[in-house]
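# Coordinate analysis (summary)
Listed here are the chains, written in short residue letters.
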Amino acid sequence: MKETLPTAWLMGLLFLFVSANSFSQKPDCHCFIKGTVRDDHSGQPVVGATLLLTQSNQGVFTDADGRYQFTGLCPGRYEIECRIVGYQSRRDTVNLTEGHEEDFSLAEEEIHLKDVEITAHRTDAPISQPLTTLTGSDLARTRGQSLGESLSGITGVSMLQTGSSIAKPVIHGMHSNRVLIMNNGVRQEGQQWGSEHAPEIDPFVATRLSVVKGAAGVRYGSDAIGGVVLVEPEELPIDKPLRGEVNAAAFSNGRQGAASATLQGGVKGLSGFGWRAQGTLKRGGNIQTPNYFLDNTGSAERNFSLAAGYRHKGFGAEIYYSHFKTKLGIFSGSHIGSVTDLLNVIQSSEPLIKSDFSYIINRPYQDVAHNLLKGEMHYHFPDGNRLKWISAYQYDNRLEYDLHAPRNDSLAALNRPELSFRLTTLTNDIIWDHKPLAGKLSGQIGVSTLYQYNLMDGRPLIPNFDQWNIGLFAIERLVSNGWELEAGLRYDYRDLTTYRFVNRIKTTDHFNFYNASGTFGAGRNLNDHWSVLLNFGTAWRAPNVSELFSDGVHHGAAAYERGDATLIPEKALNTVASVRYASDRLTMEVGGYYNHIRDYIYLKPQPEPILTVRGAFPFFKYTQTDATFQGIDVSADWKLNGRLSWMSKLTYLRVSDVRNDAYLVMIPANRWENQLKYTWGDKGRWEKIFFAVGNRWVGEQRRVPPGGDFAPPPSGYSLWNAQLSGKLAISEMNQLELTLTAENILDTAYRDYLNRFRYYADDMGRNVSLRARYVF
């Protein structure tokens with residue numbers, strides 16, 4: 001006992017000494033971070049947004065005025081994440097150690113009080129599904145490319161091509177009617193069923209291009225089985241000064257040039273107004289492979305868009321109009337006169353038709369015009385609720401011209417297209433964002449309607465039709481114990497009536513399709529480095545008119561396609577998960593997905609080509625099976641030192657025909673991309689200067705059904721590229737960004753499995769481009 005008491009006494013004294021010493025050397029944790037979260041569209045406060053300190057998962061909600069506050073913080077570096085359903089998540093870093101000293105006075109302590117206002121960008125992307133966004137300089141370095149080409153650098157996204165001038169995005173192996181495109185908040189409606197029908201969208205209108213991976217049918221509609229592409233322009237500059245941007249791009253291959261300009265601002269003397277005007281011109285000639293030119297592969301494009309808006313207190317209104325006009329030459333070597341010649345060109349390594357360079361676009365070609373008129377109104381109620389109405393009109397006019405002109409020598413006959421599609425679409429969306437319930441549950445309820453009719457002239461391919469759609473949905477989100485939980489339900493109904501002639505007798509066919517879809521997802525920041533996302537979703541898709549009734553030569557695809565009126569809707573069960581690690585030196589994300597689709601509809605190549613009066617063409621039929629799509633997406637960005645970094649992207653996809661224990665055709669091959677990047681420090685007025693060299697490896701697609709295609713899959717290939725870029729600060733408001741890019745530096749001859757013209761010719765050879773972006 002005599003030895004125990006001194007020991008306890010000494011330990012107690014040591015504890016008091018350490019505690020007192022720590023208290024004297026460490027300031028009280030009385031710092032705080034407070035601020036406001038506002039909607040960048042209306043400037044109104046966002047009620048019920050979640051603010052998280054990612055290091056500790058400490059969270060608060062914004063009040064009725066959009067205000068938030070963290071208290072009892074110690075000096076240090078904090079990362080704040082702002083999230084709410086209907087908005088893009090955002091992270092900001094606040095450093096509370098600046099000016100810190102051990103002995104505090106009131107004035108010094110004020111340095112540790114940060115009032116941070118966060119402007120939230122509204123988006124409809126689900127919070128529990130992987131979302132990748134191109135914006136700023138990353139987007140600027142894709143300018144001059146099509147939408148499909150711009151997105152192809154994202155992990156898990158590839159391109160379905162028809163020659164070198166037509167491309168559309170493929171997400172996790174799915175495309176066309178399984179990938180929904182939202183153009184400025186409006187569901188893009190054209191003739192997207194065609195594999196060679198590229199999206200009628202000018203990427204220059206967007207300041208953000210985002211890809212949602214996985215089934216997203218609850219929010220966007222029944223067709224979003226594979227994913228969603230969000231094309232988002234910048235918010236209108238309400239009461240902002242006049243400013244603008246000019247983009248120019250020149251490409252060596254095809255001697256293509258593209259130029260786009262944007263001018264926007266407020267209205268002097270009129271409070272609450274903003275406007276924007278934008279236009280694009282593109283022109284290109286015959287594409288060149290390493291060994292020859294591709295005849296008649298030129299392109300021409302003329303686009304413009306106009307927007308205006310008004311904001312006052314909680315009310316906002318906006319009107320938007322865009323016109324897209326393109327003329328695309330179709331490789332003349334894909335239209336062949338006899339079955340023998342077709343088989344010979346497939347077996348040979350060169351096309352039957354060759355030419356020199358030319359800007360002239362002859363038959364066959366596509367002439368496409370798309371018009372979009374959108375009106376939007378919204379109101380933020382004082383209690384935190386929000387109501388939005390979007391109404392849109394779209395008119396898509398697609399003309400397709402065959403290689404052989406009509407025999408009638410009249411000018412009218414020579415200018416008459418073989419296929420003419422005129423699609424008119426009216427859509428309406430009403431969305432109610434309700435205020436947080438019990439301080440934790442927030443979400444939205446909505447109704448979407450669509451009416452469209454299609455008129456077709458020329459040689460029969462698909463019938464005329466009328467279509468009505470209506471969808472009801474609800475999505476709710478709960479934040480609890482560091483988890484963000486999201487669940488939603490949707491019901492869709494579609495009424496389709498087709499009109500066609502069978503043996504010269506007008507026939508009407510009527511279809512009703514309906515089903516429900518659901519989603520449940522969860523997300524969590526485990527600590528300041530690790531975060532996870534998990535989503536389970538169901539989706540469905542009704543067969544479209546082309547899948548039901550196609551019967552004829554599709555000139556743009558250079559193929560004969562035949563539908564099946566007995567097809568039934570696809571039903572999908574999708575699971576997607578991702579794990580993300582982020583630190584100062586390493587950012588890495590690993591995502592996996594499994595998508596089971598019952599009654600999957602696809603174009604199946606037939607054993608033999610078909611001979612028609614228009615020539616010989618590969619023959620495809622629409623059929624159904626049960627399929628699974630499973631794969632992994634891996635991306636990493638590692639800063640090796642202060643100037644050198646390494647970026648790597650891996651896409652692995654495996655697709656199976658479950659019903660027949662086989663594989664499917666036209667599935668992307670596995671891909672691995674690597675890039676080594678060296679960054680210089682600022683040099684005078686030059687900043688963000690870097691040089692990068694990269695490699696894209698695409699494997700041979702060996703998982704194909706035996707004898708299931710007209711030609712075996714091409715060999716894998718490896719392409720080298722390089723890029724040099726920098727920004728010149730001309731003044732405080734004026735900036736010039738220059739980017740020099742060389743693709744396929746070694747001029748490698750290759751054929752991509754997802755290019756439908758791989759039967760006839762190689763893909764594009766070396767291409768050097770120079771891009772300039774001037775912001776003023």
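Keep in mind that what you see is a predicted model, and the values were worked out from it rather than measured.

## A few points about the overall build of the protein
Scanning the protein from terminus to terminus reveals 8 helices and 40 strands. Roughly 33,600 Å² of accessible area belongs to the protein as shown, and the carbon and sulfur atoms make up 58% of that amount.

## What about the pattern of salt bridges?
Under the defined criterion, the tally for this structure stands at 34 salt bridges. Of the charged contacts, one joins Arg141 and Asp138 as a salt bridge, the two residues approaching to 2.9 Å between their closest N and O atoms. One salt-bridge network, held together by shared partners, links Asp138, Arg141, Glu245, Glu737 and Arg773.

## Here we look at the pairing of strand β27 (residues 530-541)
Here 7 bridges tie strand β26 (residues 505-525) to β27, and the two strands are oriented antiparallel to one another. Looking at β27, one finds that Gly521 is bridged to Asn535. Direction of pairing for β27 relative to strand β30 (residues 570-582): antiparallel, over a ladder of 12 bridges. Residue Asn535 lies in a different strand from β30, and its bridge partner there is Val576.

## Side note on unusual backbone geometry
Omega for the bond connecting Arg363 with Pro364 falls within 30 degrees of zero, at -5°, which places this linkage in the cis form. Residue placement: Pro364 occurs in the loop between α6 (339-347) and β20 (365-380). Residues other than glycine seldom take positive phi values, yet Arg255 does so here, at roughly 45°. Within the element layout of this structure, Arg255 appears in the loop between β15 (243-251) and β16 (256-267).

## What about the environment of Pro618?
When you line up the elements, Pro618 lands in the loop between β33 (615-617) and β34 (619-639). Distance from Pro618 to Tyr759, taken between C-alpha atoms, is 9.7 Å for residues 141 residues apart in sequence. Those residues within four positions of Pro618 in sequence are excluded, and the remaining contacts are Leu342, Ala558, Ala559, Tyr560, Pro609, Phe710 and Tyr760.

## Some remarks on the side chain of Ser152
Here Ser152 shows up in the loop between α4 (147-151) and β9 (157-162). You can call Ser152 buried: its relative accessible area is 7%. The contacts of Ser152, once residues within four sequence positions are left out, are Val157, Met159, Arg671, Glu673 and Arg696.

## As for the confidence of the model for the protein
Here the protein averages 87 in pLDDT, and 89% of its residues register 70 or above. Considering only residues more than four positions removed or in separate chains, one finds that residues 1-27, a stretch of pLDDT under 50, has 5 contacts. Counting contacts from residues 98-114, a segment whose pLDDT is below 50, to residues more than four positions away or on other chains yields 26 contacts.

## So, the sheet that holds strand β13 (residues 208-213)
Strand order in the open sheet made by the 5 strands is β8-β13-β14-β11-β12, with mixed pairing throughout. Edge positions in the open sheet fall to β8 (131-135) and β12 (186-187), since each of these has one partner strand only. As paired strands, β13 and strand β14 (residues 227-232) are joined by 6 bridges and run antiparallel to one another. Its bridge partner lying in β14, Val211 is registered against Val229.

## Looking at the packing of aromatic side chains
In this description, an aromatic ring pair is defined by two values, namely the gap between the centres and the angle between the planes. Per the counting criterion, the structure on display carries 25 aromatic pairs. Judged by centre distance (4.4 Å) and plane angle (40°), the rings of Tyr451 and Trp468 are tilted. Of this pair, Tyr451 sits in strand β23 (residues 441-458) while Trp468 is found in strand β24 (residues 464-480), placing the two residues 17 residues apart along the sequence. Look at Phe710 and Tyr759: their rings are 6.0 Å apart centre to centre, the planes differ by 85°, and that puts the pair in the edge-to-face class. With Phe710 in the loop between β37 (686-698) and β38 (717-729) and Tyr759 in the loop between β39 (735-743) and β40 (767-775), the pair connects residues that are 49 residues apart, well separated along the chain. Of the two residues, Phe710 and Tyr759, both sit in the buried class. We note Lys327 situated over the ring of Tyr365; from NZ or CZ to the ring centre the distance is 4.6 Å. Just above the ring of Phe690 sits the side chain of Lys677; from NZ or CZ to the centre is 4.3 Å.

## Some details on the side chain of Gln723
Looking at the secondary structure, you find Gln723 in strand β38. Polar contacts involving the side chain of Gln723 include one to the side chain of Thr741, which spans 3.1 Å. Gln723 has contacts with Arg141, Phe690, Phe691, Ala692, Thr739, Leu740 and Thr741, leaving out every residue within four places of it along the chain.

## Let's talk about α6
For α6, every residue scored as buried is listed here: Leu342, Val345 and Ile346. Projected down its long axis, α6 carries its buried residues within an arc of 105°, all on one side. Within α6, the exposed residues directed more than 90 degrees away from the buried face are Thr340 and Gln347. Considering only its buried residues, α6 is in contact with β33.

## Thoughts on the environment of Phe273
Considering the arrangement of structural elements, one finds Phe273 in strand β17 (residues 270-284). On the basis of relative accessibility, which here comes to 31%, the residue Phe273 falls in the partly exposed class. Taking the C-alpha atoms as reference points, Phe273 and Lys240, separated by 33 residues in sequence, lie 8.9 Å from one another. With residues up to four places along the chain from it excluded, the contact list for Phe273 reads Pro237, Ile238, Asp239, Gly266, Val267, Gly309 and Tyr310.

## Digging into the environment of Leu478
Inspection of the secondary structure puts Leu478 in strand β24. You can call Leu478 partly exposed: its relative accessible area is 30%. It is 9.9 Å that separates the C-alpha atoms of Leu478 and Ile84, two residues lying 394 residues apart in sequence. In this structure Leu478 touches Lys440, Leu441, Trp483, Glu484 and Leu485, once residues within four positions along its chain are discounted.

About the criteria used
Residues numbered from 1 in each chain as written. Predicted model: local features only at pLDDT ≥ 70, side-chain atom pairs only at ≥ 80, totals over all residues. Heavy atoms only, no water. Helix = DSSP H or I, 4+ residues; strand = E, 2+ residues; numbered from the N terminus. Areas by Shrake-Rupley, 256 points an atom, 1.4 Å probe, with all protein chains shown as cover. Salt bridge = Lys/Arg side-chain N within 4 Å of Asp/Glu carboxyl O. Pairing = 2+ DSSP bridges. Contact = heavy atoms within 4.5 Å. Buried < 20%, exposed > 50% of the residue type's maximum accessible area, 1.4 Å probe, protein only. pLDDT = per-residue confidence, 0-100. Phe/Tyr/Trp six-rings, centres within 6.5 Å; stacked < 30°, edge-to-face > 60°. Lys NZ or Arg CZ within 6 Å of the ring centre and 35° of its normal. Polar contact = N/O pair within 3.5 Å; in protein donor to acceptor, adjacent residues only side chain to side chain. Arc of directions from axis to C-beta.

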